[in-house]
Amino acid sequence: MVAGFIIELLQITLVIGLAPIFAGWVKMLKCWSQGRSSPSILQPYRNLLKLFSKDIILAENASWIFRFMPYLVFGTGAMVSAIIPILSTDLPLSLTADVIVLVALFATARFFTALAGMDIGTAFGGMGSSREMMIASIAEPAMLMAIFTVSLSCGSTSLARIVETIYSPASVIKPSLVFAFIAFVLITLAETGRVPVDNPATHLELTMVHEAMILEYSGRHLALIEWAGMMKLFLYISLGVALFAPMGIAVYATPAGISLAFIYLLLKLGFSGIVIVLIETGFAKMRLFRLTEFLGAAFLMATLGMLSFFMLE
Amino acid sequence: METITQINSFLAALVLLTAFGMLSQKRISSLIHLFTWQGLFLSINTAIVGYVAGRHHLYISSILTLSLKVILLPYILHVLIARLKHRKDVETVVNIPTTMLIGIVLVIFSYHLTAPVRELSTFITRSTLAIALATVMIGLLMMITRRHAVTQIIGFLAMENGLFFAATSTTYGMPLVVELGVALDVLIAAFIFGMFFFQIHTTFDSLDVDQMARLKEES
């Protein structure tokens, strides 16, 4: 039990510490793929440090929601990283929350972000919130559908159980899992604000979604929000890894197993960074009103996955 | 045997996926590409079923599918749209997400419809019958929702793909004579459609079948 909590803590620190480096890695690859010289992989850390040392400027009419939101978003990120089996499935906290709770936690963070966007009352914040909610209203059912598909074929909604079932030698590649995986990739792009849906690098007012909501933030609030954003990307990828490619995740928490899991994790993260960059350089950002088609495709994939589970397996 | 069933299910899923892809695709040339892929999956599936069931005439129908639906028909369609200068056209389809939802409903419907057959059958490919029926229905849906003549023909050909798939998955293929006949029919149909397209195009200067409403007499 004590060992379990140590791993839990290890995992949370790992996510919090490694997320900026992963964001830096993606940025670096993107620069290379576009033939630019890239900033150092540690650049996100420097940005965070700079933001933490700056003062906060609050709007006069900011309510408690506005001040509370950065801590909440960061806190949910940390909590989610305690639930997803990133290094080991032997997590005491993962018994308290299954994958549906996980989606709900992400939704809570998003809900408060949208509220905070409207809190100050600027036009941009409200616009960002309404766009974010539009994306969420289609992305979340699709996400749940994809997760249900995996849960059905594994017989459990607990992430630890899913990892163990998929990991077991008896399991084979199933069509339903492939569909769910495609859906999950599309949703990850939408939820983490990557290119076909939102451009993380731009502040062009007509296109931004997430940046519009947090436009009024400064200082350590902004630092926390940005950090949480990086953690979100990291967490979605580790969730994808846990659901679809759990090779290497330690079932028993031994030091050797954990360090092996860590090496596997680094390899998988490096690889998924490459995939993200390939998608980002290969596609242009979509018009906002074409997003329904994009997310509709994700929903369709997830539903087809579920149907093919019933029909073919 | 287990792996064969796996591969069969995968190909069935891919056929369904291409059917949905065709339902959502707006560009006609991409539509033909998707149709080509569907034909390819179908042909591989037929060959595999033939291997498992030990029915050698399925190899012939697999090669027939390959040459006809993967090479010849897409070629004819490509030439046709090139001749009709139709290539750049993006069809305005009414509300793709709704069409997709109807497609999903059709899949569920065909699953329920084929449930009794699945209980009775002993073939390894029995579970793919629902998908075959769904492919037929999605082809039909495509013919209903699209306005361009070329897209409607692709819908028709997709329906034929579904029927062929149903035949291989339920009865290990129709007799060879029947299959040859059907293949010939499809080929002839494609040629006749081609001629019709030219006629429609020269008469209306468009391939939009809504234009045919103009043929009505003024009342």
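Residues numbered from 1 in each chain as written. Chains lettered and ligands numbered in written order. Predicted model: local features only at pLDDT ≥ 70, side-chain atom pairs only at ≥ 80, totals over all residues. Heavy atoms only, no water.

### What to know about the overall build of chain B
Defined as follows: Strands are runs of DSSP state E lasting at least two residues, helices are runs of H or I lasting at least four, and both sets are numbered from the N terminus onward. We compute the radius of gyration over the C-alpha atoms and compare it with the globule rule, which gives 2.2 Å times the number of residues raised to the power 0.38. In this scheme, a residue with accessible area under 20% of its type's maximum is buried, one over 50% is exposed, and one in between is partly exposed, where area comes from a 1.4 Å probe on protein chains only. Contact between two residues is taken to exist if any of their heavy atoms lie within 4.5 Å; hydrogens are not considered. Using a 1.4 Å probe, accessible areas were evaluated by the Shrake-Rupley method; residue-level cover was limited to the displayed protein chains.
In terms of helices and strands, chain B carries 7 helices and 0 strands. Written out in order from the N terminus, the α and β elements of chain B read α-α-α-α-α-α-α. Its C-alpha atoms give chain B a radius of gyration of 18 Å, near enough to 17 Å, the size a compact globule of 219 residues would have. For chain B, the spread of C-alpha atoms along the three principal axes comes to 60 × 35 × 30 Å. Of all 219 residues assigned to chain B, the portion counted as buried reaches 51%. Long-range pairs, those at least 24 residues apart, make up 74% of the contacts in chain B with a sequence separation of at least 6. Element-wise, carbon and sulfur atoms account for 69% of the exposed surface of chain B, whose accessible area totals about 10,600 Å².

### Overview of the overall build of chain A
When helices and strands are tallied, chain A shows 11 helices and 0 strands. For chain A, the succession of helices and strands along the chain, N to C, is α-α-α-α-α-α-α-α-α-α-α. Taking 313 residues into account, the globule formula puts the C-alpha radius of gyration at 20 Å, and chain A, at 19 Å, falls close to it. Taken over the C-alpha atoms alone, chain A extends approximately 60 × 45 × 45 Å along its principal axes. A burial count over chain A gives 55% of its 313 residues as buried. For chain A, the share of sequence-separated contacts (at least 6 apart) that also reach a separation of at least 24 residues comes to 82%. Surface summary for chain A: the accessible area is close to 13,400 Å², and the carbon and sulfur share equals 71%.

### Overview of the packing of helix 7 (residues 175–191) of chain A against helix 1 (residues 2–24) of chain B
Stated precisely, the cut-off is as follows: Axis definition: a line fitted to C-alpha atoms, limited for helices to the stretch in contact. Angles are taken between N-to-C directions and run from 0 to 180 degrees. Geometric relationships in this document are graded by angle, where less than 35 degrees denotes roughly parallel, more than 145 denotes roughly antiparallel, 65 to 115 denotes roughly perpendicular, and other angles denote oblique. Classification used: nonpolar for Ala, Val, Leu, Ile, Met, Phe, Trp, Tyr, Cys and Pro, charged for Asp, Glu, Lys and Arg, polar for all others including Gly.
Two numbers describe how helix 7 of chain A lies on helix 1 of chain B: the axes approach to 9 Å, and their chain directions differ by 40 degrees. Our classification of the angle between helix 7 of chain A and helix 1 of chain B gives oblique. Here Pro175, Val178 and Phe179 of chain A of helix 7 of chain A lie close against helix 1 of chain B, whose contacting residues are Ser9, Phe10, Ala13 and Leu17 of chain B. Partitioned by chemical class, the residues of the contact of helix 7 of chain A with helix 1 of chain B number 6 nonpolar, 1 polar and no charged.

### A few points about the packing of aromatic side chains
As a reminder, the rule being used: Two aromatic rings, drawn from Phe, Tyr or Trp (for Trp, its six-membered ring), form a pair once their centres lie within 6.5 Å of each other, and the interplanar angle then sorts them: stacked below 30 degrees, edge-to-face above 60, tilted otherwise. Any Lys NZ or Arg CZ that is within 6 Å of a ring centre and within 35 degrees of that ring's normal is treated as a charge sitting over the ring.
As enumerated under the stated definition, the model contains 14 aromatic pairs over all chains in all. Between the aromatic rings of Phe52 of chain A and Trp227 of chain A, the centroid separation amounts to 6.2 Å while the plane-to-plane angle is 70 degrees, which identifies the pairing as edge-to-face. With Phe52 of chain A in helix 2 (residues 43–52) and Trp227 of chain A in helix 9 (residues 219–244), this residue pair connects regions lying 175 residues apart in the sequence. On the accessibility criterion, Phe52 of chain A (35% relative accessible area) is partly exposed. Taking relative accessible area as the criterion, Trp227 of chain A reaches 15% and is therefore assigned buried. Three or more aromatic residues joined by ring pairs make a cluster, and in this case those are Phe106, Phe181, Phe184, Tyr236 and Phe244 of chain A. Geometry around Phe164 of chain B places Lys69 of chain B over its ring, the cationic atom sitting 4.7 Å from the centre.

### Regarding the interface of chain B and chain A
Test applied: Summed over both partners, the accessible area (1.4 Å probe) lost when two parts come together is defined as the buried area. Every case where a carboxyl oxygen of Asp or Glu lies within 4 Å of a side-chain nitrogen of Lys or Arg is listed as a salt bridge. Any N or O atom pair separated by 3.5 Å or less is treated as a polar contact, with the protein-specific requirement of one donor-capable and one acceptor-capable atom, and with residues adjacent in sequence counted only for side-chain atom pairs.
Counting from both sides, the interface comprises 19 residues of chain B and, opposite them, 16 residues of chain A. Summed over both sides, the interface of chain B with chain A buries roughly 1,600 Å², with 84% coming from carbon and sulfur. Interface area lost by chain B to chain A is led by Phe10, Leu17 and Ile104 of chain B, which between them contribute 29%. Our count for the contact surface shared by chain B and chain A stands at 1 salt bridge. One can count 0 residue pairs in polar contact (both at pLDDT 80 or more) joining chain B with chain A. Put simply, the parts of the chain that give the side of chain B that touches chain A at least two residues each are helix 1, helix 4 (96–120) and helix 5 (129–145) of chain B. Counting residues per element, the side of chain B that touches chain A draws most heavily on helix 1 of chain B, at 8 residues. Grouping the amino acids of the side of chain B that touches chain A by side-chain chemistry returns 14 nonpolar, 4 polar and 1 charged.

### Focus on the confidence of the model for chain B
Detailed conclusions should not be drawn from predicted coordinates in areas where pLDDT is low. In plain terms, the rule: Scored from 0 to 100, pLDDT records how confident the predictor is in each individual residue.
In the predicted model, chain B carries a mean pLDDT of 83, and the fraction of residues at 70 or more is 94%. Ranking the helices and strands of chain B by mean pLDDT puts helix 5 of chain B first, with 90, and helix 7 (residues 176–204) of chain B last, with 81.

### As for the environment of Ala136 of chain A
All names here are of chain A. Secondary-structure assignment places Ala136 in helix 5 (residues 123–154). Taking relative accessible area as the criterion, Ala136 reaches 5% and is therefore assigned buried. When neighbours within four sequence positions are excluded, Ala136 is seen to be in contact with Arg110 and Pro141.

### What about the pattern of salt bridges?
All names here are of chain A. Using the criterion set out here, one finds 9 salt bridges over all chains in the structure. Glu191 serves as the salt-bridge partner of Arg110, at 3.3 Å between the closest nitrogen and oxygen. Highlighted residues: Arg110 in helix 4 (residues 99–119) and Glu191 in helix 7, separated in sequence by 81 residues. Arg110 sits in the buried class, given a relative accessible area of 5%.

### What about the side chain of Glu280 of chain A?
Residue and element names in this part refer to chain A. With respect to the helices, strands and loops of the structure, Glu280 is situated in helix 10 (residues 255–282). Judged by relative accessible area, which is 4%, Glu280 ranks as buried. For Glu280, the side chain forms a polar contact with the side chain of Arg194, separated by 3.1 Å.

### Quick word on the side chain of Ser176 of chain A
Residue and element names in this part refer to chain A. With respect to the secondary-structure elements, Ser176 resides in helix 7. By relative accessible area, which is 0% here, Ser176 ends up buried. Once residues within four sequence positions are removed from consideration, Ser176 is found in contact with Thr149, Ser153, Gly305, Ser308, Phe309 and Glu313.

### Regarding the environment of Ile16 of chain A
Residue and element names in this part refer to chain A. Relative to the elements of secondary structure, Ile16 occurs in helix 1 (residues 2–33). Measuring from C-alpha to C-alpha, the distance between Ile16 and Gly296 comes to 32 Å, with 280 residues separating the pair along the chain. The residues touching Ile16, leaving out its near neighbours within four places in the chain, are Tyr45, Phe74, Ala78, Trp227 and Met231.

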